[in-house]
Amino acid sequence: MRPEKITLNYLDLNLLTIESARNAVQERQITATALAESFFRKIQSEDGNIHAYLELSKDRALAQAARMDALADKGELLPPLAGVPLAIKDVMVTRGVRTTAGSKILSNFVPAYDCTAVARLEQAGAVLLGKTNCDEFAMGSSNENSAFGTVCNPRDLSRVPGGSSGGSAAAVAAGNAVAALGSDTGGSIRQPAAFCGVVGLMPTYGRVSRYGLIAFASSLDHIGPITRTVKDAALLLRIIAGRDVMDSTSAEVPVSDYTQEIGRPVKGLRLGVPREYFGEGLDPEVGALVQTAIQSLAQKCGCEIVPVSLPHTEYAIPAYYLIATAEASSNLARYDGVRYGFRAAEAGTLAEMYRRTRDQGFGAEVKRRIMLGTYALSAGYYDAYYLKAQKVRTLLARDFDQAFQNVDAIVTPTSPTPAFKLGEKADDPLAMYLADIFTVVADLVGIPGISVPCGQSREGLPVGLQVLGKHFDEGTILRVAHAYEHARAAS
Ligand code: GLN
């Protein structure tokens, strides 16, 4: 017999992990349909204050839930994400579900196909609740650059959730999705995860297909999970990772079962602590919490702590903001009022239509970046800016190659401060850019990184510990983060 419609109470929904949600559906303690409906009710009543969601995909969610329930009715073994309610950052295209990238220029864009990562989640049984708010074209660190309003941090509504995947992190932290996908070009998975007190994993460049991810900076863009636990991040990565013929930069490297890998002991692993990450600009409370986390990895988990140096760290922000803006200026040329979305009315000529569409369709930060990027790529300045930044990128990669000869992973703070106040940096782009100091390097070098909660400031704001790993060695950083998460829970 099919179970009666059990409505899980709010507390249960807040605590659900992927495994517990899937098992509840498999064991028929609840139907996937009732679970999805409970989440939609909760979102309806709570998300007004947070504004994590831009669009709910109820029809699609309930159709998928019904498919999972039909399988459960037949007594079949369900797929690994069966009935698990997930949220998707609105930079990933979804067939038939409006996809805006947080921009007015895509405000009426309904894609004709699915992003590979999204399709893989759905093939594994996931139920897609909706699309989450983000900075316009993923450009930002606070979610204040969305054309559709800001997101509030569920831990403190007067503060930013981080960006640019602020909606995804806030939805997971508020218990309005079991887990979510975000994208990371310079920190946008790890930093909002740290600000909201959840786990964020950026895989190696090429590990997860970018097909269907609306491009910001193609050599830096990554898709990855935002979850409540490290195990959930491992589970989602296993499903979305792997070669995809639709993305020629997706790698042919075998994907391990990360849920198995996280169980392996970390004793004896060598963890590098880069001296350059603990200097000026680091909030003392964040520094102290991260140092305590590192001590606990040494004392409780048996890791060996090794000082390392990444001497070119100070050049990472300028290099990032040249390369990212250069690539963005080229990628965003496609929004011309003809091929996608919004078109300005009453333009007399084609050129005028382009100009007005882009002027009215893009927000201030996107325009700033298109101008910076166009300048950096222009004849006469290319060598001085873009090429120089690419050379710095190589030096940064060498820093890491050298450090990784001696250590298995590197541990750092995720962000120099906890979540700042809404509006605090909104008028100061440079201050906003500097907040990315600890995250942009991994994107530039293409290595994986994870942020795991490591305590709270005196004001009750979450702080994240970042673990960086070697190319395609997500297994090790997940293991370290998992060991730390458990050591912390046990203390
Ligand atoms: N905050 C960085 C930026 O504004 C990173 C954004 C991202 O990772 N998408 O570019």
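Read on for a plain summary of the structure. Throughout, residues of each chain are indexed from 1 in the direction in which the sequence is written. Where local features are concerned, this predicted model is filtered to residues with pLDDT of at least 70; where side-chain atom pairs are given and counted, the filter is 80 or more; whole-chain, interface and lining totals use all residues. Excluding hydrogens and water, the side-chain values take into account all heavy atoms of the structure.

**Quick notes on the overall build of the chain**
Across its full length, the chain carries 17 helices and 11 strands. Every radius of gyration here is taken over C-alpha atoms, with the globule rule written as 2.2 Å times N^0.38, N being the number of residues. At 22 Å, the chain has a C-alpha radius of gyration in line with the 23 Å of a compact globule built from 491 residues. Seen along its three principal axes, the alpha-carbon backbone of the chain occupies a region of about 75 × 65 × 45 Å. The buried share of the chain, reckoned over its 491 residues, is 60%. Secondary structure elements follow DSSP: runs of H or I no shorter than four residues count as helices, runs of E no shorter than two count as strands, and numbering proceeds from the N terminus. The rule is simple: take the accessible area with a 1.4 Å probe, protein chains only, and divide by the maximum for that residue type; under 20% is buried, over 50% is exposed, in between is partly exposed.

**Some remarks on the site of the ligand**
Around the ligand, a shell composed of 15 residues is seen, among which A138, T185, G186, S188 and Y320 lie nearest. Side-chain polar atom of Y321 to an oxygen atom of the ligand: 3.3 Å apart, as the coordinates give it. The protein chains shown are the only cover counted for residues, whose accessible areas, like all others here, come from Shrake-Rupley with a 1.4 Å probe. When the ligand is considered free in solution it has 290 Å² of accessible area, and contact with the protein chains removes 99% of it. Cavity and pocket criteria rest on a 1 Å grid covering protein atoms alone: a 1.4 Å probe that fits but cannot get out defines a cavity, protein on both sides within 12 Å along at least 5 of 7 lines defines an open pocket, and an atom within 4 Å of a point defines a lining residue. Should more than half of a molecule's atoms lie within 2 Å of a pocket's or cavity's grid points, that molecule is taken to sit in it. In this structure, the ligand is accommodated by the largest cavity. The classification used treats Ala, Val, Leu, Ile, Met, Phe, Trp, Tyr, Cys and Pro as nonpolar, Asp, Glu, Lys and Arg as charged, and all other residues, Gly among them, as polar. Residues that form the shell around the ligand fall into these classes: 5 nonpolar, 7 polar and 3 charged. Only a single heavy atom is needed: when it lies within 4 Å of a molecule or strand, its residue is near that molecule or strand. Distance and chemistry together define a polar contact, namely a pair of N or O atoms within 3.5 Å, with one atom able to donate a hydrogen and the other to accept it when in protein, and with adjacent residues in sequence counting only for side-chain atoms on both sides.

**Details of helix 4 (residues 58-73)**
Working rule for helices: expected span equals 1.5 Å times residues minus one. Taking 1.5 Å of rise per residue, 16 residues should cover 22 Å, and helix 4 covers 22 Å from first to last C-alpha, within 8% of that figure. Residues of helix 4 that are buried: R60, A61, Q64, A65, M68, D69 and A72. Against helix 2 (18-26), helix 3 (32-50), helix 5 (116-123) and strand 3 (127-132) lie the buried residues of helix 4. G75 sits one or two residues past helix 4 and shows a positive phi near 75°. Working rule for contacts: check all heavy atoms of both residues, and any pair within 4.5 Å makes them a contact.

**Topic: unusual backbone geometry**
Glycine aside, residues mostly have negative phi angles, and peptide bonds mostly take the trans form. Following G163, the chain continues to S164 via a peptide bond in cis, the omega torsion being 5°. For S164, the location among the structural elements is in the loop between strand 3 and helix 6 (166-173). With phi around 65°, A138 is a residue other than glycine that occupies positive phi space. Positionally, A138 belongs in the loop between strand 3 and helix 6.

**Some points on the environment of R270**
Within the secondary structure, R270 sits in strand 7 (residues 270-274). Its relative accessible area of 25% is what places R270 among the partly exposed residues. Separated by 34 residues in the primary sequence, R270 and E304 have C-alpha atoms spaced 4.7 Å apart. Once residues within four sequence positions are removed from consideration, R270 is found in contact with E304, V306, N406, V407, D408 and A409.

**Observations concerning the pattern of salt bridges**
Here a salt bridge means any side-chain nitrogen of Lys or Arg lying within 4 Å of a carboxyl oxygen belonging to Asp or Glu. Per the stated rule, a full pass over the model turns up 26 salt bridges. R95 is the partner of D114 in a salt bridge, and the nearest nitrogen-oxygen pair spans 3.0 Å. Taken together, the residues span a long stretch of sequence, with D114 in the loop between strand 2 (85-89) and helix 5 and R95 in the loop between strand 2 and helix 5 at a distance of 19 residues. Residue classification places D114 among the buried residues on the basis of a relative accessible area of 12%. With a relative accessible area of 46%, R95 lands in the partly exposed category. With a shortest N-O distance of 2.8 Å, R270 and E304 are connected by a salt bridge. Of this pair, R270 sits in strand 7 while E304 sits in strand 8 (residues 304-308), and the two are 34 residues apart along the sequence. The exposure class assigned to E304 is partly exposed, which follows from its relative accessible area of 40%. Beyond isolated ion pairs, a larger network of salt bridges with shared partners links R60, R95, D114 and E122.

**Describing the layout of surface pockets**
Grid points are joined across faces, edges and corners, and a volume is the space filled by probe spheres set on the points. Empty space within the largest pocket amounts to approximately 320 Å³. Here the residues of the lining of the largest pocket are counted per class, giving 12 nonpolar, 2 polar and 4 charged. Roughly 270 Å³ of internal volume is contained in the second largest pocket. Lining the second largest pocket are 17 residues, with E280, G281, L282, I437 and F438 sitting closest to its centre.

**Re the pairing of strand 2**
Of all 5 residues making up strand 2, 5 are buried, and the element is well covered by its neighbours. Because side chains alternate across strand 2, one face comprises the buried residues P85, A87 and K89, and the other comprises L86 and I88, equally buried. Note on pairing: two strands pair once DSSP finds at least 2 bridges between them. In this structure, strand 2 lies alongside strand 3, joined through 5 bridges in parallel fashion. If you follow P85 over to strand 3, its bridge partner there is V127. Judged from the 3 bridges that link them, strand 2 and strand 4 (residues 179-184) form a sheet pairing that is parallel. Its bridge partner being in strand 4, A87 is matched across the sheet by A180.

**So, the packing of aromatic side chains**
Under the pairing criterion, centres of Phe, Tyr and Trp rings, with the six-membered ring standing for Trp, must be within 6.5 Å; the plane angle then separates stacked pairs below 30 degrees from edge-to-face pairs above 60, leaving the rest tilted. Per the counting criterion, the structure on display carries 15 aromatic pairs. With 6.3 Å between their ring centres and 90° between their planes, Y335 and F362 make a pair best called edge-to-face. Taken together, the residues span a long stretch of sequence, with Y335 in the loop between helix 11 (316-331) and helix 12 (350-361) and F362 in the loop between helix 12 and helix 13 (364-377) at a distance of 27 residues. The exposure classification of Y335 matches that of F362, with both residues buried. Sitting over the ring of F148, R98 keeps its end group 5.6 Å from the ring centre. Here, over-ring charges are defined by two tests on the NZ atom of lysine or the CZ atom of arginine: distance to the ring centre within 6 Å, and angle to the ring normal within 35 degrees. Just above the ring of F420 sits the side chain of K425; from NZ or CZ to the centre is 4.8 Å.

Any functional reading would require information that these geometric values do not contain.
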